[in-house]
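Coordinate analysis (summary)
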Amino acid sequence: MKEHYYNKDKLPLLIEPRSSDSLEDLLQWIAANKESFTKKFHESGAVLFSGFDINTPSAFETLALQIDPALKNDYYGTSPRNIVPNTKFIYTASELPGFYPIMQHCEMSYVKHPPITLFFYCHVKPEYGGETPLCNFRKVYADLDPKIRSEFDKKGLMTVRNYSGLQNKSRFNLFELKKWNELFNTTDKAEVERQCREQEMEYAWQDNGNLRLIHNTPATIKHPVTGETVWFNHTQVFHPTAAPVEYGYIHARQHRAKTLFWALLTELMVKAKKLTTEPIDQSMNVLFGDGTEIPDSYIRHIEEVIWKNLVIIPWNKNDVIAIDNFSTSHGRLPYEGKREILVCWSAAPSKSPPKGETL
Ligand SMILES: [Fe+2]
């Protein structure tokens, strides 16, 4: 195998075949070099496999299982996803429309047991855009303004999500993304409550049939292996102010008329939403742990630090990227035309320590 780092910040580690290396060779090489591979994976935060004959979702699943045999199906995130036929653990990464950017996040950062490793696979190369940028969230924490950072350290976060239910007929809503029956994969309220208790989510049914989920968490974690402090939250993803800021950065990169359109439209929509809806009632929001609002200027600062550290690599067909979810975030840039990126993830066994505690 050929190994080298993609950039000077060592994110990601790039592994490519020598001319004769097949997927089978790669699987054997990972098994034979498990210890050094894992060490480099944790140091970098991500490994990109490029140029191998990973032609099917099943081949992708085989590679992911070789790296982390603990793949799981539990998903309590916000993206609508579909299972891929003839696989056990492979899903479409997101059914959100192409114009919709997915901001940088560590997967399910707000739940008690977030995924440990994430895997993405390029089955159909995007025609335009659609990269899955990466960001070292250890670096983001280190680069934040110390005054702002200490406020997050002191107060922690309250992540709020409000989901409509069966009364809402449309699948996609710009602010809400999915409904509670999709999130929990059931229409039975008692089953929803059981899952909430199991996942230690605070929940409350609203008079209009909506479900409110609240997660109180620190803003950071200690990496379970290296002990480094990592920015580990969905603050800018869920905060209403972030969308137009994100579109501003995207427009500066993509220069499309439609990115300018969305930057201006989201600015207006977010202003209207903030005027008409209380912070706790927004479809998604992040407040400080004491329930006070996070200033808009803090969100702009977080976006600036993230974009400064963003690594954007165009997809090639059959690429697979493995991401250490406890150090490295991912997202999606808007795309046009065909694009098929698949995902799977591993989770900690339930007896493992909750996030924030070092293994
Ligand atoms: Fe994600």
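Criteria and cut-off values
- Residues numbered from 1 in each chain as written.
- Predicted model: local features only at pLDDT ≥ 70, side-chain atom pairs only at ≥ 80, totals over all residues.
- Heavy atoms only, no water.
- pLDDT = per-residue confidence, 0-100.
- Contact = heavy atoms within 4.5 Å.
- Helix = DSSP H or I, 4+ residues; strand = E, 2+ residues; numbered from the N terminus.
- Expected span 1.5 Å × (residues − 1).
- Buried < 20%, exposed > 50% of the residue type's maximum accessible area, 1.4 Å probe, protein only.
- Arc of directions from axis to C-beta.
- Core = buried A, V, L, I, M, F, W, Y, C linked by side-chain atoms within 4.5 Å.
- Phe/Tyr/Trp six-rings, centres within 6.5 Å; stacked < 30°, edge-to-face > 60°.
- Salt bridge = Lys/Arg side-chain N within 4 Å of Asp/Glu carboxyl O.
- Pairing = 2+ DSSP bridges.
- Disulfide = S-S within 2.5 Å.
- Donors = N, O, S within 2.8 Å, 3.2 Å for Na, K, Ca; no water.

A few words now on the confidence of the model for the chain. Here the chain averages 90 in pLDDT, and 92% of its residues register 70 or above. Confidence drops under pLDDT 50 across residues 351-359; counting only partners more than four residues distant or on other chains, this segment forms 17 contacts.

Another point: the environment of Tyr298. On the secondary structure map, Tyr298 appears in helix α11 (residues 296-308). For the pair formed by Tyr298 and Asp145, sequence separation is 153 residues and the distance between their alpha carbons is 9.3 Å. Beyond its immediate stretch of four places on either side in the chain, Tyr298 contacts Ile148, Glu151, Phe152 and Phe288.

Look at helix α10 (residues 257-276): 29 Å from first C-alpha to last across 20 residues, which is about the 28 Å you get at 1.5 Å a residue. Among all positions in α10, only Thr259, Trp262, Ala263, Thr266 and Val270 are buried. Seen along its axis, α10 keeps its buried residues to an arc of 105°; they face one direction. Set apart from the buried face of α10 by more than 90 degrees, the exposed residues are Ala257, Leu264, Leu268, Leu275 and Thr276.

This part takes up the nonpolar core. Counting residues in each nonpolar core, the largest one holds 55 residues, and the members touching the most others are Phe120, Phe137, Phe152, Trp231, Ile294 and Ile321. If one sorts the elements of this core by residue count, α11 sits on top with 6 residues. For Ile321, the contacting residues outside a window of four places in its chain are Pro12, Ala46, Val47, Leu48, Leu118, Phe119, Phe120, Leu134 and Trp315. The next biggest cluster of nonpolar side chains, apart from the first, holds 29 residues, and it includes Val47, Leu71, Phe89 and Ile90.

Moving on: the environment of Tyr91. As for its placement among the helices and strands, Tyr91 is situated in strand β5 (residues 91-92). When the C-alpha atoms of Tyr91 and Glu16 are compared, they prove to be 25 Å apart, with 75 residues separating the residues in sequence. With residues up to four places along the chain from it excluded, the contact list for Tyr91 reads Asn73, Arg81, Asn82, Ile83, Val84, Leu342, Val343 and Trp345.

Take the packing of aromatic side chains next. Throughout the structure, instances matching the rule amount to 17 aromatic pairs. With 6.2 Å between their ring centres and 25° between their planes, Phe37 and Phe49 make a pair best called stacked. In this pair, Phe37 sits in helix α2 (residues 34-44) while Phe49 sits in strand β3 (residues 46-49), placing the two residues 12 residues apart along the sequence. Considered together, Phe37 and Phe49 belong to a single accessibility category, that of buried residues.

Let us now look at the pattern of salt bridges. Scanning the model with the defined rule gives 16 salt bridges in all. A salt bridge links Asp143 to Lys139, with the shortest nitrogen-to-oxygen separation between them at 3.2 Å. Placement of both Asp143 and Lys139 in helix α4 (residues 137-143) is noted, with a separation of 4 residues, approximately one turn of the helix. Classification of Asp143 as partly exposed rests on a relative accessible area of 25%.

Quick look at the sheet that holds strand β9 (residues 134-136) now. In spatial order, the strands read β6-β18-β9-β16; together these 4 strands make up an open sheet with antiparallel pairing. Whereas interior strands pair on both sides, the edge strands pair on one side only; in this sheet they are β6 (102-105) and β16 (310-311). Bridge count between β9 and β16: 2 bridges; the pairing is antiparallel. From the neighbouring strand, Leu134 faces β16, where its bridge partner is Val311.

Moving on: the state of the cysteines. Disulfide: a covalent bond connecting the sulfur atoms of a pair of cysteines. One pass over the structure, following the stated rule, counts 0 disulfides. The closest cysteine sulfur to the non-disulfide-bonded Cys135 is located on Cys106, 8.9 Å from its own sulfur.

Further remarks concern the pairing of β3. Of the two faces of β3, the one holding Ala46 and Leu48 and the one holding Val47 and Phe49 are both buried throughout. Where strand β2 (residues 13-16) meets β3, 3 bridges bridge the pair, whose relative direction is parallel. Within the sheet, the bridge partner assigned to Leu13 lies in β3 and is Val47. Bridge analysis of β3 against strand β17 (residues 320-324) gives 4 bridges, and the strand direction is antiparallel. The residue bridging Ala46 from the neighbouring strand is Ile323, located in β17.

So, about the coordination of the iron ion. Where a metal carries four tetrahedral donors, each ideal angle is 109.5 degrees; where it carries six octahedral donors, the ideal angles are 90 or 180 degrees. For the iron ion, the full set of protein donor atoms is His105 (NE2), Glu107 (OE) and His330 (NE2), and the range of their distances to it is 2.1 to 2.2 Å. In primary-sequence terms, the residues that donate to the iron ion follow H-x1-E-x222-H. One end of the pair, Glu107, is in the loop between β6 and β7 (115-124); the other, His330, is in strand β18 (residues 328-332), with 223 residues separating them in the sequence. The exposure class of His330 is buried, given its relative accessible area of 3%.

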